[in-house]
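Coordinate analysis (summary)
The chain contents come next:
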Amino acid sequence: MADTSSSSAHAPVQAVSGIMPPAIPVRGVRIAGTGSQLPSKVISNDLLASVVQTNDEWIQQRTGIRERRMCDRSKGESNRWLCTESLRKALAAANMKASELDLIICGTISQDMRCPSTACLVAADLGAGTAAAWDLGAACCGFVYPLNVAHDLIRVGTHKAIGIIGCDTITAILDYHNRGVCILFGDGAGAAVLVADSDPSRGCLAQVNKADGTGWTDLFQPAEEWQIPEGVDRTTTKLGCLQMNGKAVFKFAVGTFQELIAETLTKAGISAEQVDVFVCHQSNARILDAARERFGIPPEKLHVNIDRVGNTSAGSVPLVLDELMLAGKIKPGMIVMFVAFGAGLTWTSSLWRV
Ligand code: COA
């Protein structure tokens, strides 16, 4: 017979006293403040039509975009600057100092420098002391993925206050000879400060976080020739620039966007009518319209700003969020759904009682 007198792999878990994880407190999470920043240079459809064969009517009909913004490097505008200013404003709205944050997560795929992370640079710019800081690369999901991560870190009690930023400066990686892509994107950033709240009913009610890496060839940025996948025309592919299979991405986006909303509602056990505000990634006005029609969402519940800013990738959702907050359209107690999808392919949602 085996000796069971000493501790063994079969010992009951309760017996291992002193090394159990702490009990998880039930605590709420609140969006204490939001902020956003756009660059100063306005790129109209007419201006684009002067450098590539396109026109204002085509762009507006196919995408809903009238103009977008671009960083003016001569004025010191950059990815880092957009991130810093948007989080600075979010902290001011929350009436907090950067030194009160214990983590900064920056969602971006277009850092000015790969190393160090933009989050570290922002922490230095704002005086966040020794707050942890990292970047998260998820393209257009670059705000909602961090939103879910930050929420859960606060919910379980390991963090008290987290600054999250979604920012992209995609215009720096566009080929302005490729009219199918360059018309879509603009630069911009938004941020939010999340804090613990004594009311446990506040925070995320349901979330969905997914990706399908097999779809990477539909939207990618090759640095070197060997990275260009088979079937993609090498003669028209400019290294360092964003490549997109527009039709495939459109199909993915229309379907995924709607399934994402449906799955999130099912998880939370509520109907679309019970959602007060939808804060959605702005990739194409037609994709937003299709979702509005399917779920019967009235225009006032789904804010659209793509006409003014284009697709700002990770900046998209937090820019919409900040516009709604500034307009007083998101109030405590409301049910708000965040939805994003993009390169990867990635898709994510977060349903909140704010
Ligand atoms: N101006 C004028 N004509 C253009 C053009 C432009 N900027 N871009 C493409 N065209 C032309 C094409 O060459 C094609 O001409 P052809 O019929 O003579 O060959 C015609 O317009 C139709 O092109 P197509 O690619 O079928 O257009 P579309 O209706 O699919 O619209 C997109 C193109 C890019 C607007 C659309 O596919 C889209 O929005 N895709 C999703 C993009 C997206 O959301 N990306 C980010 C995801 S986060």
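As the structure is a computational prediction, the values presented were derived from the model and not from experiment.

**What about the overall build of the protein?**
- Scanning the protein from N- to C-terminus turns up ten helices and 13 strands.
- Judged by the C-alpha coordinates and their principal axes, the protein covers about 80 × 50 × 45 Å.
- If you take every contact in the protein between residues at least 6 apart in sequence, the share linking residues at least 24 apart comes to 76%.
- Within the structure as shown, the protein displays about 16,100 Å² of accessible surface, and the carbon and sulfur contribution to it stands at 54%.
- For the protein, the distance from the average site of its 32 positive side-chain charges to the average site of its 35 negative ones is 4 Å.

**With respect to the side chain of His281**
- By secondary structure assignment, the location of His281 is in the loop between strand S11 (277-280) and helix H8 (285-295).
- Overall, His281 belongs to the buried group, its relative accessible area being 1%.

**As for the site of the ligand**
- Around the ligand lies a shell of 22 residues, among which Thr54, Arg62, Arg179, Lys247 and Asn284 are the nearest.
- Arg62 is positioned with one of its side-chain polar atoms (N or O) 2.6 Å from an oxygen atom of the ligand.
- Take Lys247: an N or O atom from its side chain is 2.4 Å from an oxygen atom of the ligand.
- Bound to the protein, the ligand loses 73% of the 950 Å² it would expose on its own.
- When contributions to the shell around the ligand are tallied by element, the ones reaching two or more residues are helix H2 (56-63), helix H6 (179-182), helix H7 (246-268) and strand S12 (335-342).
- Per-element accounting of the shell around the ligand gives the leading share, four residues, to H7.

**Here's the deal with the environment of Lys238**
- With respect to the helices, strands and loops of the structure, Lys238 is situated in the loop between strand S9 (219-220) and strand S10 (243-244).
- C-alpha of Lys238 to C-alpha of Arg68: the two residues are 170 residues apart in sequence and 22 Å apart in space.

**Observations regarding the packing of aromatic side chains**
- Scanning the entire structure with this criterion turns up four aromatic pairs.
- Considering the side-chain rings of Trp216 and Phe220, the 5.4 Å spacing of their centres and the 75° angle between planes classify their relative orientation as edge-to-face.
- A relative accessible area of 37% places Trp216 in the partly exposed class.
- Under the relative-accessibility criterion, Phe220 is labelled buried at 8%.

**Topic: the domain arrangement of the protein**
- Per the domain assignment, the segments making up the protein are domain 1 (28-197) and domain 2 (203-353).
- Look at where the C-alpha atoms of domain 1 and domain 2 centre, and you get two points 15 Å apart.
- Counting from both sides, the interface comprises 48 residues of domain 1 and, opposite them, 47 residues of domain 2.
- Carbon and sulfur atoms supply 61% of the area buried between domain 1 and domain 2, which totals about 3,800 Å² over both sides.
- Sorting the residues of domain 1 by area buried against domain 2 places Cys140, Tyr145 and Ile173 first, and these three jointly supply 16% of that buried surface.

**What to know about the pattern of salt bridges**
- Evaluation of the coordinates by the stated rule reveals ten salt bridges.
- What emerges from the salt-bridge pattern is a single network uniting Arg30, Asp197 and Arg202.

**Points about the sheet that holds strand S13 (residues 346-353)**
- Pairing is mixed in the open sheet, where four strands are placed in the order S8-S13-S12-S11. Bordering the open sheet on either side are strand S8 (203-211) and S11, each of which pairs with just one other strand. Across this sheet, the average inter-strand angle for adjacent strands is 10°, counted without regard to direction.
- The pairing of S11 with S12 spans four bridges and is parallel. Considered in S12, the bridge of Val277 is made with Val336.

**A word on the packing of helix H3 (residues 79-94) against helix H4 (residues 118-126)**
- Orientation of H3 relative to H4, taken along the N-to-C sense of each, is 55°, at an axis distance of 9 Å. Judged by the inter-axis angle, H3 sits oblique to H4. Between H3 and H4 lies a crossing whose hand is right-handed. Only Thr118, Leu121, Val122, Asp125 and Leu126 of H4 make contact with H3, whose side of the interface consists of Asn79, Arg80, Cys83, Thr84, Leu87, Arg88 and Leu91.
- Residues that form the contact of H3 with H4 fall into these classes: six nonpolar, three polar and three charged.

**Thoughts on H4**
- Looking only at H4, the buried set comprises Thr118, Ala119, Leu121, Val122, Ala123 and Leu126.
- As for H4, its buried residues are in contact with H3, strand S4 (103-107), strand S5 (132-136) and strand S6 (161-169).
- Two residues or fewer past H4, Gly127 is found with a positive phi of approximately 75°.

**Observations regarding the sheet that holds S5**
- Read from one edge to the other, the open sheet built from five strands follows the order S1-S7-S6-S4-S5, with strand pairing classed as mixed. Where the open sheet ends on each side, the last strands, each with one partner, are strand S1 (28-37) and S5. Within the sheet, the average angular offset between the axes of one strand and its neighbour, ignoring direction, is 15°.
- Pairing of S6 with strand S7 (residues 187-197), which is carried by nine bridges, proceeds in the antiparallel orientation. Within S7, the position partnered with Ala161 by the bridge is Val195.
- Set on the sheet, H3 makes contact with S1, S4, S6 and S7; between it and S1 the angle comes to about 130°.
- On top of the sheet, helix H10 (residues 316-326) reaches S1, S6 and S7; it is set at about 100° to S1, its chief contact.

Conventions adopted
Residues numbered from 1 in each chain as written. Predicted model: local features only at pLDDT ≥ 70, side-chain atom pairs only at ≥ 80, totals over all residues. Heavy atoms only, no water. Helix = DSSP H or I, 4+ residues; strand = E, 2+ residues; numbered from the N terminus. Contact = heavy atoms within 4.5 Å. Areas by Shrake-Rupley, 256 points an atom, 1.4 Å probe, with all protein chains shown as cover. Lys, Arg positive; Asp, Glu negative; His and termini not counted. Charge placed at Lys NZ, Arg CZ, Asp CG, Glu CD. Buried < 20%, exposed > 50% of the residue type's maximum accessible area, 1.4 Å probe, protein only. Near = heavy atom within 4 Å. Polar contact = N/O pair within 3.5 Å; in protein donor to acceptor, adjacent residues only side chain to side chain. Phe/Tyr/Trp six-rings, centres within 6.5 Å; stacked < 30°, edge-to-face > 60°. Domains from an automatic or database assignment. Buried area = accessible area lost by both parts, 1.4 Å probe. Salt bridge = Lys/Arg side-chain N within 4 Å of Asp/Glu carboxyl O. Pairing = 2+ DSSP bridges. Axes fitted to C-alpha atoms, helices over the stretch in contact; angles between N-to-C directions. Parallel < 35°, antiparallel > 145°, perpendicular 65-115°, else oblique. Left-handed = near helix turned anticlockwise from the far one by under 90°. Nonpolar A, V, L, I, M, F, W, Y, C, P; charged D, E, K, R; others polar.

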